[in-house]
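Given next are the chains, with one letter for each unit.
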Amino acid sequence: QAKTAGRNTLCFFDPSMQIALEMRTAMVTELRQALTRQQFKLHYQRQVNAEGSVVGAEVLLRWQHPERGMISPMVFIPIAEETGLIVPLGKWVLQMACAQLKQWEHDPGTRNFQLAVNISARQFRQLDFVDEVLEVLEKSGADPLKLKLELTESLVLQDITHSIEKMETLCSAGIRFSLDDFGTGHSSLTYLKRLPLEQIKIDQSFVSDITTDPSDEVIVRTIIVMSNSLGMEVIAEGVETEEQRDFLARNGCYTYQGYLFGRPMPIEDFQKLISRFQV
Ligand code: C2E
Ligand code: MG
Ligand code: MG
Ligand code: MG
């Protein structure tokens, strides 16, 4: 029987590897159904300025699995990438973010908020990526100036010429770009100055040790000086303590995101906190 033979040929694998494979296959199937079953949720994590006022949020995807509970994007985004599911999923995230921006326009307290949306490599490399973003934006009626797309260094550098082309088209429509997880990739200054970036985001791995690790101190200071001299705003992610915030402020970084200011949370909670601070 073919099925038995198939199973037997797998015998030389480590059994835990086979279990991992089966789990992965199950996850792929479930991931495909998750969008139509409305199992994805968005969490919003505030971004604040030097005064501690909210300037906007980063949109972070969550998979609310009926049996397994909340699954981290670190687990399912790579699978969504490999299977191509990231394309419809990423579009959905954009649609939701733009709808939220539109809704915020009606309230003077939230009118100026920006939203940052993570873009994955496969999504960005789609031939119709630019058209799709513009179409989603237009249909929503949201202000393009409020939408920020987060790209990573490795994504941009994969095909720098096309990346710049796409970014410039979107920039001329008003959309802005932030370079996520900065410092973890292989950016060279030569490339960096060619990119139409509004913002550079210092990776949390550097932020977490700035008050204890002298080399991270130097790295973070260098990133801040470099961003400022290239005319880019710099934001620090993963800010968890007052000490880290103070270090960043002393060294010229005035925009922050991290647990110190707020965890990623459902929009209802995000909204409640905003109105509480406004009163
Ligand atoms: P990222 O874009 O670098 O997002 C920052 C991550 O750091 C988030 O993890 C956030 O919850 C976490 N974080 C924020 N503040 C703190 C802090 O103070 N301390 C610590 N320890 N962590 C903090 P999350 O939500 O698990 O997302 C992980 C990654 O998944 C994101 O990293 C991003 O690369 C990816 N991702 C999330 N949502 C999307 C999406 O809609 N599309 C795509 N393509 N990727 C996404
Ligand atoms: Mg991000
Ligand atoms: Mg990041
Ligand atoms: Mg990160």
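The name recorded for the protein in an unreviewed UniProt entry is EAL/GGDEF/PAS domain-containing protein, from Nitrosospira lacus.

A. Fine view of the nonpolar core. Judged by nonpolar contacts, the single largest core of 78 residues is most densely connected at Leu 149, Ile 202, Leu 248 and Phe 270. When residues in this core are grouped by element, the largest group, 9 residues, is from helix H4 (residues 86–104). Sequence-distant contacts of Leu 248, defined by excluding residues within four places in its chain, comprise Ile 202, Val 207, Ile 210, Val 220, Ile 224, Ala 236, Val 239, Cys 253 and Tyr 256.

B. Focus on the coordination of the magnesium ion (ligand 2). Around the magnesium ion (ligand 2), the donor atoms from the protein are Glu 58 (OE), Asn 118 (OD1), Glu 150 (OE) and Asp 180 (OD), and they sit 2.0 to 2.3 Å away. Between the magnesium ion (ligand 2) and the magnesium ion (ligand 3), the interatomic distance is 3.8 Å, and Asp 180 donates to each metal, bridging them. Taken together, the residues Glu 150 in strand E5 (residues 147–152) and Asp 180 in strand E6 (residues 176–182) connect sequence positions 30 residues apart. You'll find Glu 150 and Asp 180 in the same group, each marked buried.

C. Structural context of the site of ligand 1. Around ligand 1 there are 23 residues in total, and Arg 62, Asp 180, Gln 204, Glu 240 and Tyr 259 lie nearest to it. Glu 58 has a polar side-chain atom sitting 3.0 Å from an oxygen atom of ligand 1. Considered on its own, ligand 1 offers 800 Å² of accessible surface; in the complex 84% of this is hidden by protein. Within the residue set of the shell around ligand 1, elements represented by two or more residues are strand E2 (54–65), helix H3 (73–83) and E6. No other element matches the 4 residues that E2 contributes to the shell around ligand 1. Looking at the shell around ligand 1 residue by residue, the classes come out as 10 nonpolar, 6 polar and 7 charged.

D. Broad picture of the pattern of salt bridges. Applying the stated criterion across every chain, the model contains 13 salt bridges. Among the ionic pairs, Glu 217 bridges to Arg 221, the shortest N-O distance being 3.1 Å. Of this pair, Glu 217 and Arg 221 are both found in helix H11 (residues 214–229), 4 residues apart, which corresponds to roughly one turn of the helix. Judged by relative accessible area, which is 24%, Glu 217 ranks as partly exposed. Arg 221 gets classed as partly exposed once you look at its relative accessible area, which sits at 35%.

E. Representation of the side chain of Lys 166 within the structure. Mapped onto the elements, Lys 166 comes out in helix H8 (residues 160–172). Despite its burial, Lys 166 remains without a salt bridge, the nearest opposite charge being carried by Asp 128 at 7.5 Å. With near-sequence residues (within four places) excluded, Lys 166 lies in contact with Phe 124, Arg 125, Gln 126, Phe 129 and Val 130.

F. Spotlight on unusual backbone geometry. You will see that Gln 38, though not glycine, has its phi angle at about 55°, which is positive. Within the fold, Gln 38 resides in the loop between helix H2 (15–34) and strand E1 (40–48). Located in the positive-phi region is Asp 181, a residue other than glycine, with phi close to 55°. Examined against the element boundaries, Asp 181 turns out to sit in strand E6.

G. Focus on the pairing of strand E4 (residues 114–118). The pairing of E2 with E4 spans 4 bridges and is classified as parallel. Note that in E4 the partner of Gly 56 across the bridge is Gln 114. Sheet topology note: the E4/E5 ladder contains 4 bridges and is parallel. Each bridged residue has a counterpart across the sheet, and for Ala 116 the counterpart in E5 is Lys 148.

H. Seen up close, the packing of aromatic side chains. Under the definition given, this model contains 10 aromatic pairs. For the pair Tyr 44 and Trp 104, a centre-to-centre distance of 6.3 Å together with 65° between the ring planes defines the contact as edge-to-face. You can see Tyr 44 sitting in strand E1 and its partner Trp 104 sitting in helix H4, a full 60 residues away along the chain. In this pair, the class of Tyr 44 matches that of Trp 104, namely buried. With centroids separated by 5.8 Å and ring planes inclined at 15°, the aromatic side chains of Tyr 256 and Phe 261 adopt a geometry described as stacked. Judged by relative accessible area, which is 1%, Tyr 256 ranks as buried. Given the relative accessible area of 17%, Phe 261 is considered buried. Aromatic ring contacts, followed pair by pair, group Phe 40, Trp 63, Phe 76 and Trp 92 into a single cluster. The ring centre of Phe 124 lies 5.4 Å from the NZ or CZ of Lys 166, which sits over that ring. Above the plane of the ring of Tyr 259 lies Arg 263, whose end atom (NZ or CZ) is 3.7 Å from the centre.

Criteria and thresholds
Residues numbered from 1 in each chain as written. Chains lettered and ligands numbered in written order. Predicted model: local features only at pLDDT ≥ 70, side-chain atom pairs only at ≥ 80, totals over all residues. Heavy atoms only, no water. Core = buried A, V, L, I, M, F, W, Y, C linked by side-chain atoms within 4.5 Å. Buried < 20%, exposed > 50% of the residue type's maximum accessible area, 1.4 Å probe, protein only. Helix = DSSP H or I, 4+ residues; strand = E, 2+ residues; numbered from the N terminus. Contact = heavy atoms within 4.5 Å. Donors = N, O, S within 2.8 Å, 3.2 Å for Na, K, Ca; no water. Near = heavy atom within 4 Å. Polar contact = N/O pair within 3.5 Å; in protein donor to acceptor, adjacent residues only side chain to side chain. Areas by Shrake-Rupley, 256 points an atom, 1.4 Å probe, with all protein chains shown as cover. Nonpolar A, V, L, I, M, F, W, Y, C, P; charged D, E, K, R; others polar. Salt bridge = Lys/Arg side-chain N within 4 Å of Asp/Glu carboxyl O. Lys, Arg positive; Asp, Glu negative; His and termini not counted. Pairing = 2+ DSSP bridges. Phe/Tyr/Trp six-rings, centres within 6.5 Å; stacked < 30°, edge-to-face > 60°. Lys NZ or Arg CZ within 6 Å of the ring centre and 35° of its normal.

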